Amino acid sequence: MLTYLRLTLHPDEILIADLASAAQLHCEQGSVWLASNRNAADLILNAGEHQRLAPGLLLLEGQAELRFSGHELNIRPQFKTIARPTRAV
């Protein structure tokens with residue numbers, strides 16, 4: 001059974017993750033903004049910080065190396081690319 005999952009989140013991506021069980025999120029490099037349907041407040045994690053996560057839906061954005069870990073980790077990640085508007089010169 002999976003006990004950890006490492007992901008690279010690029011600046012123009014959003015990670016949508018469905019956690020079926022509790023997990024720990026470690027921000028190994030960079031920084032990430034995190035919203036959850038289980039927490040009223042959004043969080044920002046910087047390199048070296050970690051957060052315990054309850055089961056539920058997560059939305060993450062930033063530029064970071066992330067590691068999810070947990071006993072029998074059950075996570076379904078999806079990446080979405082953000083369409084950035086072009087600037088007129």
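Going by the structure above, here's the rest.
The following refers to the structure shown. Since this is a predicted model, take the numbers as computed values, not measurements. (Residues numbered from 1 in each chain as written. Predicted model: local features only at pLDDT ≥ 70, side-chain atom pairs only at ≥ 80, totals over all residues. Heavy atoms only, no water.)

Considerations on the overall build of the protein chain
Phase 1 of the analysis: Counting its regular elements, the protein chain contains zero helices and seven strands.
Phase 2 of the analysis: Listed by position from the N terminus, the elements making up the protein chain come as β-β-β-β-β-β-β.
Phase 3 of the analysis: Dimensions of the protein chain along its principal axes, counting C-alpha atoms only, are 50 × 25 × 25 Å.
Phase 4 of the analysis: Counting the 89 residues in the protein chain, one finds 33% classified as buried.
Phase 5 of the analysis: Within the protein chain, contacts between residues at least 6 apart in sequence are counted, and of these 76% link residues at least 24 apart.
Phase 6 of the analysis: Summed over all atoms, the accessible surface of the protein chain reaches about 5,600 Å², with 51% contributed by carbon and sulfur. (Helix = DSSP H or I, 4+ residues; strand = E, 2+ residues; numbered from the N terminus. Buried < 20%, exposed > 50% of the residue type's maximum accessible area, 1.4 Å probe, protein only. Contact = heavy atoms within 4.5 Å. Areas by Shrake-Rupley, 256 points an atom, 1.4 Å probe, with all protein chains shown as cover.)

A look at the nonpolar core
Phase 1 of the analysis: Leu25, Leu58, Leu60, Leu66 and Phe68 are the most contacted members of the largest nonpolar core, which has 20 residues in total.
Phase 2 of the analysis: Looking at this core, the elements with two or more residues in it are β1 (4-9), β2 (13-19), β3 (23-36) and β6 (56-69).
Phase 3 of the analysis: Excluding residues within four positions of it along the chain, leucine 58 makes contact with Leu15, Ile16, Ala17, Leu19, Leu34, Ala35, Ser36, Leu53 and Phe68. (Core = buried A, V, L, I, M, F, W, Y, C linked by side-chain atoms within 4.5 Å.)

A closer look at the pairing of β6
Phase 1 of the analysis: Bridge analysis of β1 against β6 gives six bridges, and the strand direction is antiparallel. In the sheet register, threonine 8 faces β6, and the bridge partner there is glutamate 65.
Phase 2 of the analysis: Strand direction decides the pairing type here: β3 and β6, joined by 12 bridges, are antiparallel. Across the sheet, the residue bridging to leucine 34 is leucine 60, located in β6. (Pairing = 2+ DSSP bridges.)

Some details on the pattern of salt bridges
If the charged atoms of two oppositely charged side chains come close together, the side chains can form a pair.
Phase 1 of the analysis: One pass over the full model with this rule turns up two salt bridges.
Phase 2 of the analysis: With a shortest N-O distance of 3.5 Å, arginine 6 and glutamate 28 are connected by a salt bridge. A residue pair is termed long-range when its members are at least 10 positions apart, and arginine 6 in strand β1 and glutamate 28 in strand β3 qualify at 22 residues.
Phase 3 of the analysis: Looking at arginine 6, the relative accessible area reads 52%, which means it is exposed.
Phase 4 of the analysis: Residue arginine 67 pairs with glutamate 28 through a salt bridge whose shortest N-O separation is 2.7 Å. Here arginine 67, found in strand β6, pairs with glutamate 28, found in strand β3; they are 39 residues apart in sequence, far enough to count as distant. (Salt bridge = Lys/Arg side-chain N within 4 Å of Asp/Glu carboxyl O.)

Side note on the side chain of serine 69
Phase 1 of the analysis: Structurally, serine 69 is set in strand β6.
Phase 2 of the analysis: Its relative accessible area of 15% is what places serine 69 among the buried residues.
Phase 3 of the analysis: Those residues in contact with serine 69 that lie beyond four places of it in its chain are Thr3, Tyr4, Ala23, Gln24 and His26.

Quick look at the pairing of β2
Phase 1 of the analysis: Here β2 shows a clear split, with Glu13, Leu15, Ala17 and Leu19 buried on one side and none of Ile14, Ile16 and Asp18 buried on the other.
Phase 2 of the analysis: Pairing analysis gives seven bridges linking β2 to strand β7 (residues 75-81), with the strands arranged antiparallel. Paired with isoleucine 14 across the bridge in β7 is lysine 80.
Phase 3 of the analysis: Bridge count for β2 against β6 is six bridges, and the pairing is antiparallel. Following the sheet pairing, alanine 17 is matched in β6 by leucine 58.

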